[in-house]
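Per-entry structural report
One letter stands for each residue in the lines below.
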Amino acid sequence: MGSISRVFVANRGEIALRIIRACREMGIESVLGVSNVDKDSLPAQMADRVVCIGPHPPLQSYLKVGTLITAALGTGADAIHPGYGFLAEQPELGEACMHNGLIFIGPKPENIRHMGDKLVAREIVRDLGIPVIPGSELVHDAKEAGSMAEKVGFPVLLKAAAGGGGKGMKMVRNPSELKSVFEEASAEARAAFGDDRIYIEYLIANARHIEVQILADRYGNVVHLFERDCSLQRRYQKMVEEAPSPAVTSDMRDKITQAAVAIAQHVNYENAGTIEMVLDQDQGKFYFLEMNTRIQVEHPVTEMITGKDLVKEQIRIASGNPISFAQEEISIKGHAVECRINAEKPDANFMPHPGRILSWTPPEGHGIRIDTHCYSGYFVPPYYDSLLAKLITTGDNRSKAIHRMEDALANFDVKGVETTIPFYRKVMNHPDYLNGQIHTRWVEEVFLNG
Amino acid sequence: MGSIDHDDLIQILEIVGQSDIDEFRLELGELKLFLKKSSAAHADRASGMPVPERTETASLTEKSEPPEERTTSSGASGKVLPETGGETDSPESAKVTGYTAIKAPLLGTFYRAPKPGAPPFVTEGQSVTEDDTLCIIEVMKLFNTVKAGIKGTIKEICAEDGQLVEFDQTLFWVEENPKQELGEAQA
């Protein structure tokens, strides 16, 4: 495998732009595949070349492996970056790249296959002596689920083995509702993933979502870039992320980062990945949740506290180079907070609100980063996710970063589409958030209820 | 009236747009404004083609079944697959009497012949009928034939053999055999 001189970007929106910029800084050309509604997008204007890969439904464009490979080969690209979402965690794209002499900028197909299956991943991790959330392997029917749930103790969480993004994930409070919820969960899992395997997990009531960023190269080097805290979620969708976590002590940090590195080493992982964990705040214990085999939406907070460019590292590693730094060369510098600004109506149950952005005036200034593909006049198409921008602020410490975020949100003016900015302004002023006293269901149970 | 502002310009554009005027020139001191309607401009580029009468048709982007789509534009520039998308960039998808663009129903490699060395399916000037195959578009060893779908004469082949063509890119211009046109005339 040789070096990379032209990258085909198989994604859209802010992450496509992020990849194009990284390529440009590295002197690498970029080719962007767009659906017909994305031809005028900002990444399309920034890429060195653009090809239209199909109509707007993702199944006819961004999710077509054969089309993407043909487009990459036909435009002389030597590598494909999948971004996040779409085909990023489908081993088929990496395999098709291998068969066609293209470099997949991401983990090996077998890494994706093993760690993408939650049950396989749980087994691998448990064998390493890393705690997994008490629960079952697999339950085949409601009856089996019932006896397993009794053993684990209510409330329990039913989860899809092939799951992700909260789909097929259901809470069961007591035995009487188990049967109906089990059927709902397996139907949802079948519809979303074509795989209705369900497993049961003990529900941690006072949980934080903590994840460790790792990088691994083909020479066996694995480094971690500390943790991110993504506990502020709504319906299992992350909304605010920060690094480092206000709930992680340095002793805990050593444990979880070592566990993350051990997992990556054990599976011969390559490229960027994230080990997601749950912190039981009542017990002070960590459990492995899952591994994400891609660059993540919230990667900028890690970049801001470490000064490392994760997308460039991905490209370097995929080119066959070692990671550009050693573990002891990085440390946590200050604090970073990220808000995902979506085109949604916070007052109407976060209903998506696509449409024409009449005016777009993002905040500027020291300690503010914004990753976005939006501009005044841009039409937010209704066919894709509603992420408009990731607003990231930094500070010497957490309260300074949050204060800067409040200020940045106040100076973020968007007209034409409704956004989640007003929601985040309230969150940034809430004493629970300021004191770091939240859990993964805080938004639904406390904030929106209060 | 010494100058025009943004609102004046918008008004001028609207008035010219709704009128039958094809060209509009305005000179005010240092300001020079020259407007030319796209139908006129396109006819100029495709030399020899008459200024066509535009008729209405469904927008290309609204359809999800591209293989059956055939829309025409008022002119074919000879430019093939420039860096940012070629014909697919053109907002023109209005139907024009007489000329029909055959567009790529999917992205892939364009082949003019059934196999290397074989004679091409069609050449410029050749008459075709609805069921005639015009080309093949290959995606990962899957070969998709593109049919003419109309009766007419191939006026121009806009893609190169063996090259990548994009979704919705114009591949052929076909001069349709005369027939009754439906649709409303439009300015």
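All figures in this text were calculated on a predicted structure; none of them were measured in a lab. (Residues numbered from 1 in each chain as written. Chains lettered and ligands numbered in written order. Predicted model: local features only at pLDDT ≥ 70, side-chain atom pairs only at ≥ 80, totals over all residues.)

With that settled, the discussion passes to the overall build of chain A. If you tally the helices and strands in chain A, you get 15 helices and 22 strands. The C-alpha radius of gyration of chain A comes to 21 Å, within 12% of the 22 Å expected for a compact globule of 450 residues. Viewed in the frame of its principal axes, chain A has a C-alpha envelope of about 60 × 50 × 45 Å. For chain A, buried positions account for 51% of its 450 residues. Restricting to contacts in chain A with at least 6 residues of sequence separation, those with at least 24 account for 64%. (Helix = DSSP H or I, 4+ residues; strand = E, 2+ residues; numbered from the N terminus. Rg over C-alpha atoms; globule rule 2.2 N^0.38 Å. Buried ≥ 20, exposed ≤ 12 C-beta atoms within 10 Å, placed from the backbone. Contact = placed C-beta atoms within 7 Å.)

Residues and elements named next belong to chain A. In this chain, F154 is followed by P155 through a cis amide linkage whose omega measures -5°. Along the chain, the position of P155 falls in the loop between α7 (142-152) and β6 (156-160). The phi angle at Y236 is positive, at roughly 65°, despite the residue not being glycine. Counting through the fold element by element, Y236 comes out in the loop between β10 (222-234) and β11 (237-243). Here Y236 falls in the partly exposed class, since 14 other C-beta atoms lie within 10 Å of it. For F350, which is not a glycine, the phi torsion comes out positive at approximately 60°. Residue position: F350 is located in the loop between β15 (344-345) and β16 (351-352). Overall, the presence of 19 C-beta atoms within 10 Å leaves F350 in the partly exposed class.

With that out of the way, let us pick up the sheet that holds strand β12 (residues 271-280) of chain A. Residue and element names in this part refer to chain A. A sheet is described by the order of its strands in space; here eight strands give the open sequence β13-β12-β9-β10-β11-β14-β21-β19, paired in antiparallel fashion. The sheet is open, and its two borders are formed by β13 (285-292) and β19 (368-372), each paired with just one other strand. On average, each strand axis in the sheet is tilted by 25° relative to the strand beside it, whichever way the strands run. For β10 and β11, the ladder comprises four bridges, and the chain directions are antiparallel. Each residue of the ladder has a partner; that of D229, found in β11, is E242. Each of β9 (207-216), β10, β12 and β13 touches helix α9 (residues 250-266); the most contacted strand, β10, lies at about 110° to it. (Pairing = 2+ DSSP bridges. Axes fitted to C-alpha atoms, helices over the stretch in contact; angles between N-to-C directions.)

It is worth spelling out the packing of helix α4 (residues 91-99) of chain A against helix α5 (residues 109-116) of chain A at this point. All names here are of chain A. As a packed pair, α4 and α5 sit with axes 8 Å apart at the nearest point and diverge in direction by 165°. Between α4 and α5, the angle is such that the two are roughly antiparallel. You can see that α4 and α5 cross each other, and the crossing is left-handed. On the side of α4, the interface is formed by P91, G94 and E95, while α5 contributes P109, I112 and R113. Of the residues assigned to the contact of α4 with α5, the class counts are three nonpolar, one polar and two charged. (Parallel < 35°, antiparallel > 145°, perpendicular 65-115°, else oblique. Left-handed = near helix turned anticlockwise from the far one by under 90°. Nonpolar A, V, L, I, M, F, W, Y, C, P; charged D, E, K, R; others polar.)

Residues and elements named next belong to chain A. Taken as a whole, chain A is organised into domain 1 (6-105), domain 2 (134-202) and domain 3 (207-447). Centre-to-centre separation of domain 1 and domain 3, based on C-alpha positions: 23 Å. Opposite the 23 residues of domain 1 that make contact, domain 3 presents 21 residues. Going through the elements one at a time, α1 (13-25) and α2 (42-46) are the ones with two or more residues in the side of domain 1 that touches domain 3. With seven residues, the single largest contributor to the side of domain 1 that touches domain 3 is α1. (Domains from an automatic or database assignment.)

Residues and elements named next belong to chain A. Taken together, three strands build an open sheet; the order of strands is β7-β6-β8 and the sheet is antiparallel. Because the sheet does not close on itself, it has two edges, and the strands there are β7 (170-172) and β8 (198-202). Strand-to-strand twist across the sheet, computed as the mean angle between neighbouring axes with direction ignored, equals 30°. Two elements, β6 and β7, share three bridges in a ladder whose sense is antiparallel. By the bridge assignment, V156 is partnered in β7 with V172.

All names here are of chain A. Topologically, P354 is positioned in the loop between β16 and β17 (355-356). On a C-alpha basis, the gap between P354 and F379 in space is 7.7 Å, while along the polypeptide they are 25 residues apart. Aside from chain neighbours lying at most four places away, what touches P354 is A343, V380, P381, P382, S386 and V417.

Turning our attention to helix α3 (residues 65-74) of chain A. Residues and elements named next belong to chain A. Within α3, seven of the 10 residues are buried, which leaves it mostly tucked inside the rest of the structure. Among the residues of α3, T67, L68, I69, T70, A71, A72 and G74 are the ones counted as buried. G76 sits one or two positions beyond α3 and adopts a positive phi of about 75°.

Another point: the pairing of strand β12 (residues 170-176) of chain B. Residue and element names in this part refer to chain B. Summarising burial for β12: five of the seven residues are buried, a large majority. Taken together, the five bridges between strand β5 (residues 99-103) and β12 define a ladder with antiparallel strand orientation. Opposite I102, over in β12, you have F172 as the bridge partner. As defined by bridge partners, strand β10 (residues 152-157) adjoins β12 across five bridges and the pair is classed as antiparallel. When the bridges of β12 are listed, I154 appears paired with V174.

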